[in-house]
Amino acid sequence: MLTNHGIPENLVEKLMEKSREFHDLPIEEKKEFGDNKSPLEPIRHGTSFCPQVEKVHYWRDYLKANTFPQFNFPHKPPGYREVAYEYSQKIRGLGRKLLEGISESLGLASNSIFESTEFDSGHQVFVVNMYPPCPQPHLALGLPPHSDIGLLTLLTQNGIGGLQVKHHGKWVNVNPVSNSITVILADQLEVLSNGRYEGVLHRAILNNEETRISVVLVNGPALGKEIGPLAELLEKEKPLFKSMKYQDYFKFHQRTRLDDKNTLYEIRLN
Ligand SMILES: O=C(O)CCC(=O)C(=O)O
Ligand SMILES: [Fe+2]
């Protein structure tokens, strides 16, 4: 949980307000972004995660926009795009700082992860989740247990809890702390660090009173970059993961049923 991160509180408030307005737009206004678009389409809108491969669907509507290296974002409601642009840029700056610290914690040069992922042209997905109140919240999920695709996910929520992380085998609530950003370590960091950092299992639960919104920025390597355990770490140990182009991992993850860390397990070496 990051506080004193330098992102102005009123920017986050505006972002939440506009995010709510987007999801409240009439369905016809959002049609152009919908209908099961490919994960590399610049802007996608839909329900659940990947309905074609799911046995059960999830109680969530989403907007997903690829916001880096090219900034794509809906032009409605008015003002949303500008707020999202500013937020996306600020999150990239934070992401970079965190990756520098993580590189150092692995005993590497601070720009090591940055360089090996070509983070300067790294892929960023801007995900806006909306979970309406659910009449029987204990019978449904907003999102099932999963780990995220990229290196670092930076998440903020509208003051209403629902995010849980798996910690020592138990689900623990990540209660919203005002003006804070939650950092979730993701799969590509587990691969690069050869398992020293782990992609965190998390899920979203529901409530029957209030609409919850979370804005989730998935920061990953450049799409064309092949990612495997860092060479410096392999001097004394065996690789735990196969190398794979981020683009292929990304497409695979977005088309697979969300279930635990099943995408990552596909590239794990025994
Ligand atoms: O809404 C949340 O708190 C979690 C969202 C999430 O895990 C995701 O979008 O990947
Ligand atoms: Fe997630």
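All chains use their own residue numbering, which begins from 1 and follows the written sequence. To read the labels, note that chains go from A and ligands from 1, taken in the order they are written. Under the rules for a predicted model, residues below a pLDDT of 70 receive no local features and side-chain atom pairs below 80 are neither given nor counted, while totals for whole chains, interfaces and linings still include all residues. For side-chain calculations, the full set of non-hydrogen atoms in the structure is used, while hydrogens and water are omitted.

Is there a simple way to think about helix 1 (residues 9-24) in this case?
Note that an α-helix has 3.6 residues per turn; residues three or four places apart therefore point the same way. Counting from the N terminus, the helices are the DSSP runs of H or I reaching at least four residues and the strands are the DSSP runs of E reaching at least two. In this scheme, a helix's expected span is set at 1.5 Å multiplied by one less than its residue total. Here helix 1 contains 16 residues, and its C-alpha end-to-end distance of 23 Å stays within 8% of the 22 Å for a straight helix at 1.5 Å per residue. Within helix 1, burial applies to L11, V12, L15, M16, K18, S19, F22 and H23. Partly exposed describes any residue whose relative accessible area lies between the buried limit of under 20% and the exposed limit of over 50%, with all areas from a 1.4 Å probe on protein chains only and scaled to the type maximum.

Would you mind showing me how to read the coordination of the iron ion (ligand 2) here?
Coordination angles at a metal have ideal targets, namely 109.5 degrees for four tetrahedral donors and 90 or 180 degrees for six octahedral donors. Sites may look incomplete because water is not among the atoms; the donors themselves are N, O and S atoms within 2.8 Å of the metal, or within 3.2 Å for Na, K and Ca. Taken together, H146 (NE2), D148 (OD) and H202 (NE2) make up the protein donors of the iron ion (ligand 2), found 2.1 to 2.2 Å from the metal. Of note, the iron ion (ligand 2) draws all its donor residues from one chain, in the sequence arrangement H-x1-D-x53-H. Of this pair, D148 sits in the loop between strand 4 (143-146) and strand 5 (152-157) while H202 sits in strand 9 (residues 202-204), placing them 54 residues apart in sequence. For the pair formed by D148 and H202, the shared burial category is buried.

Got a minute to help me understand empty space enclosed by the protein in this structure?
Empty space left among the atoms is revealed by rolling a probe the size of a water molecule over them. Computed over the protein atoms alone on a 1 Å grid, cavities are sets of points where a 1.4 Å probe fits but cannot get out and pockets are open sets with protein on both sides within 12 Å along at least five of seven lines; a residue lines them when it has an atom within 4 Å of a point. Grid points are joined across faces, edges and corners, and a volume is the space filled by probe spheres set on the points. Scanning the model with the defined rule gives two cavities of 30 Å³ or more in all. Quantified by volume, the largest cavity comes out at close to 290 Å³. Lining the largest cavity are 26 residues, and of these R60, L143, H146, D148 and V216 sit closest to its centre. Residue assignment for the lining of the largest cavity shows that the elements contributing at least two residues are strand 3 (124-131), strand 4, strand 5, strand 9, strand 10 (212-219) and helix 6 (246-254). Residues are grouped as follows: nonpolar covers Ala, Val, Leu, Ile, Met, Phe, Trp, Tyr, Cys and Pro; charged covers Asp, Glu, Lys and Arg; every other residue, Gly included, is treated as polar. The residue makeup of the lining of the largest cavity, split by class, is 14 nonpolar, seven polar and five charged.

Is there a simple way to think about unusual backbone geometry in this case?
With the exception of glycine, the majority of residues adopt a negative phi angle, and the majority of peptide bonds are in the trans configuration. In this model, F68 is joined to P69 through a cis peptide bond whose omega is 0 degrees. The residue P69 is located in the loop between strand 2 (61-68) and helix 3 (80-105) in this model. The backbone of E118 shows a phi angle near 50 degrees, a positive value even though the residue is not glycine. With respect to the helices and strands, the residue E118 is situated in the loop between helix 4 (112-116) and strand 3. Even without being a glycine, H168 presents a positive backbone phi close to 50 degrees. Assignment of secondary structure puts H168 in the loop between strand 6 (163-167) and strand 7 (170-173). The class of H168 is exposed, set by a relative accessible area of 74%.

Please explain the nonpolar core as it appears in this structure.
In summary, soluble globular proteins display a tendency toward joint burial of nonpolar side chains. Take the buried residues of types Ala, Val, Leu, Ile, Met, Phe, Trp, Tyr and Cys, join any two whose side-chain atoms come within 4.5 Å, and each joined set is a nonpolar core. Within the largest apolar cluster, 59 residues are counted, with the highest numbers of intra-cluster contacts made by Y87, F126 and V215. Here the element with the most residues in this core is helix 3; it accounts for eight residues. Note on contacts: a residue pair is in contact if any heavy atoms of the two residues lie within 4.5 Å. Discounting residues that sit within four places of it in the chain, V215 has contacts with L15, M16, S19, Y87, F126, V127, V128, L154, L155 and T156.

Any chance you could explain the sheet that holds strand 4 here in plain terms?
The strands that make up a sheet are held in pairs by hydrogen bonds between backbone atoms, and each pair lies either parallel or antiparallel. Any two strands with at least two DSSP-identified bridges between them are counted as paired. Strands sit in the order 4-9-6-7 across an open sheet of four strands; the sheet is antiparallel. Taken across any chain shown, the strands that pair with only one partner, and hence form the sheet edges, are strand 4 and strand 7. In this sheet, adjacent strand axes meet at a mean angle of 25 degrees when their direction is disregarded. In the sheet, strand 6 pairs with strand 7 via four bridges, with the strands oriented antiparallel. Among the inter-strand pairings, H167 is bridged to a residue of strand 7, identified as K170. The convention used is that axes are lines fitted to C-alpha atoms, helices contributing only their stretch in contact, and that angles between N-to-C directions extend from 0 to 180 degrees.

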